[in-house]
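Reading the structure
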Amino acid sequence: MRIWAKIWKNNHIVRDETIEINTEDTRTHKIKEGLSQICCRFDLEIPIWLQSNIDEFKRHSRVKFYQDSFIEEIPFDCLEIQVLEE
């Protein structure tokens, strides 16, 4: 599975990264592992999955995490993750 992560600020991508998860885990575990790796690379806390995030991800294999998903203040508008291939 490949996941593309983007940090957005003022409608511009200010940072992005693509990671690969090559485990035999379930899709959910791969997504959580990918998000954990992304947050480590971006030096961010792991965001909270709200029901709206879960619903959006199920529909589009993409989700945006805004300030309400983070406990600490974030210096950007949102963190977006998208599954590129499974």
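A short tour of the structure in this document, coming up. (Residues numbered from 1 in each chain as written. Predicted model: local features only at pLDDT ≥ 70, side-chain atom pairs only at ≥ 80, totals over all residues. Heavy atoms only, no water.)

**A few points about the overall build of the protein chain**
On a plain count of helices and strands, the protein chain comes out with two helices and four strands. Walking the protein chain from its N terminus toward its C terminus, one meets helices and strands in the order β-β-α-α-β-β. Here the C-alpha radius of gyration of the protein chain, 12 Å, is about what a compact globule of 86 residues would show, namely 12 Å. Over its C-alpha atoms, taken along the principal directions, the protein chain stretches across nearly 35 × 25 × 20 Å. Scored against the burial criterion, the 86 residues of the protein chain give a buried share of 35%. (Helix = DSSP H or I, 4+ residues; strand = E, 2+ residues; numbered from the N terminus. Rg over C-alpha atoms; globule rule 2.2 N^0.38 Å. Buried < 20%, exposed > 50% of the residue type's maximum accessible area, 1.4 Å probe, protein only.)

**Some details on unusual backbone geometry**
The phi angle at Asn-11 is positive, at roughly 65°, despite the residue not being glycine. Following the sequence through the fold, Asn-11 ends up in the loop between β1 (2–9) and β2 (12–20). One non-glycine residue, Asp-43, lies in positive phi territory at about 55°. Examined against the element boundaries, Asp-43 turns out to sit in the loop between α1 (27–42) and α2 (51–60).

Bear in mind that shape data such as this cannot, by itself, settle questions of function.
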